[in-house]
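Structural description and commentary
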Amino acid sequence: MGEEILSVKNIFKVFGARPNEAMKMLESGKNKDDVFRETGQVVGVFDASFSVRKGEIFVIMGLSGSGKSTMVRLFNRLIEPTSGSIFLNGNEITGLSDKELLGVRRKDMSMVFQSFALMPHLTVLDNAAFGLAVSSVGEAERYRRAREALEQVGLAGHEYSYPHQLSGGMQQRVGLARALTNDPSILLMDEAFSALDPLIRTEMQDELIRLQAEQQRTIVFISHDLDEAIRIGHRIAIMEGGRVVQVGTPQEILNNPASDYVEAFFKGVDSSKVLRAGDVARYDSDIVIRQPVGSPDDIQPTPYAYLTGEDRRFIGLIDSSGGDAPRQLAPEQLSTVTFDTPLHDVLDLAASVPYPLPVLTSEGALHGTLTKDSILKSLSRH
């Protein structure tokens, strides 16, 4: 995940017959409540600016009326912005003609709605290929691509079933396959799983995470469910009253909420499922020793010391806790965890080992250590 694929710059959306009047009021410092009270115009999105990175699941969330569904419809101009600019792959799409916009929708953006929106008289294969048929793609090609998409979402073998023969989760998989047939640059999903039963919903979340990991797809996901946002989102944008009030990883938002609203929004979240080992680990230079070192006997007295090589690569631990001569343990003799390990997966392990638990980066470098006290203090702050 690196370069931005979608960029939103100072977007406003006013619903009503007098948007220019409303915009002048907003520019003069009035808020959305003032605008509605004096003009009857509804401010759906207020001065939103953020970007979505290529290959991430970006979740936009907020309470009902916060503007999140309006925002996703602005991306593909199902709703026209009142002011501001939207860029896709560096190209501004807010000024495109209807013909150019149609090309973007067919090739670069696909959308999955909460309602499955399947044609009941068409087979699963024809439903998956429907968008390609509308785009006049030849029959052989569109069926080939539809079959590939159905296989990607786990529906191979169901091509000739009809929607009424499928469960709700399977129907939503058809909707997802239909969106994937275009191989879009970005996939827009508006409350796509909210109508599903909890178990099926979790299954579809897993499916989305798998697809993103395997294909590095860029997905913008709209949700009102904080647990869902935390589970699937690389980053989350929190909306309140049409404003984007904070954008960050779940860990960043939990640790540093931008406002009382955001803090209240995250209140009650099981922080052990949000925080990672690397978020809590601390690097203590007093117990880290760079190799080469003469011998374990040359180490200053400390119960445990951590040996590192070039680029802080973790190469072992020196245990002086027994009172006898210090002994050196290799990494394979120790319990370690990676930076991204969820904190709740670390709790039992940290409690079972006598030494502070080494937390390593994906490259094997020592990021820091975790103690039982540091974990408990971190959880108590949340």
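Only a predicted model underlies this, so the values are computations on that prediction, with no experimental measurement involved.

Okay, the UniProt feature "domain: ABC transporter" (unreviewed entry) in the protein next. Residues given the UniProt feature "domain: ABC transporter" (unreviewed entry) here are residues 30-266. Helix makes up 42% of residues 30-266 and strand makes up 22%, while its end C-alpha atoms are separated by 29 Å.

This paragraph deals with unusual backbone geometry. Note on backbone geometry: most residues besides glycine have negative phi, and most peptide bonds are trans. Phi is positive for Asp47, which is not a glycine, with a value near 50 degrees. You can see Asp47 is positioned in strand β2 (residues 42-53). Looking at Asp47, the relative accessible area reads 34%, which means it is partly exposed. Positive phi, normally seen in glycine, also occurs at Glu191, with a value near 50 degrees. Mapped onto the fold, Glu191 is located in the loop between β7 (186-190) and α9 (198-215). Take Glu191: its relative accessible area is 9%, and that puts it in the buried class.

In this section: helix α1 (residues 19-27). Along α1, the residues that are buried comprise Ala22, Met23, Met25 and Leu26. The buried residues of α1 all sit within an arc of 160 degrees when viewed along its axis, so they share a single face. In α1, those exposed residues whose orientation departs by more than 90 degrees from the buried face are Asn20, Lys24 and Glu27. Looking at the buried positions of α1, the neighbouring elements they touch are β1 (4-15), α2 (32-39), β2 and β4 (83-88). Positive phi appears at Gly29, one or two residues downstream of α1, with a value of about 105 degrees.

Looking now at the pairing of strand β8 (residues 218-223). Counting buried positions over the six residues of β8 gives six, a clear majority of the element. Burial along β8 is two-sided: Thr218, Val220 and Ile222 and Ile219, Phe221 and Ser223, pointing in opposite directions, are all buried. Relative to β8, strand β3 (residues 57-61) runs parallel, the two sharing five bridges. Along β8, the bridge assignment pairs Val59 with Phe221. Crossover β7 to β8 through α9 is right-handed.

Right, let's talk about the packing of aromatic side chains for a bit. The final tally for this structure, using the stated rule, is seven aromatic pairs. Pairing Tyr304 with Tyr355 gives two aromatic rings, centres 6.1 Å apart and planes at 65 degrees, and the pair type is edge-to-face. Placement of the pair is Tyr304 in strand β12 (residues 304-308) and Tyr355 in the loop between α15 (347-352) and β16 (357-360), with a sequence separation of 51 residues. Comparing Tyr304 with Tyr355, the two get one shared label, buried. Connected via pairs of aromatic rings, a cluster forms that spans Phe50, Phe58 and Phe75. Over the ring of Phe15 we find Lys13; its NZ or CZ atom is 5.2 Å from the centre of that ring. The ring centre of Tyr283 lies 3.9 Å from the NZ or CZ of Arg312, which sits over that ring.

Procedures and definitions
Residues numbered from 1 in each chain as written. Predicted model: local features only at pLDDT ≥ 70, side-chain atom pairs only at ≥ 80, totals over all residues. Heavy atoms only, no water. UniProt positions renumbered as here; feature names shortened; annotations may be inferred. Helix = DSSP H or I, 4+ residues; strand = E, 2+ residues; numbered from the N terminus. Buried < 20%, exposed > 50% of the residue type's maximum accessible area, 1.4 Å probe, protein only. Arc of directions from axis to C-beta. Contact = heavy atoms within 4.5 Å. Pairing = 2+ DSSP bridges. Right-handed = clockwise from strand over helix to strand, strands pointing away. Phe/Tyr/Trp six-rings, centres within 6.5 Å; stacked < 30°, edge-to-face > 60°. Lys NZ or Arg CZ within 6 Å of the ring centre and 35° of its normal.

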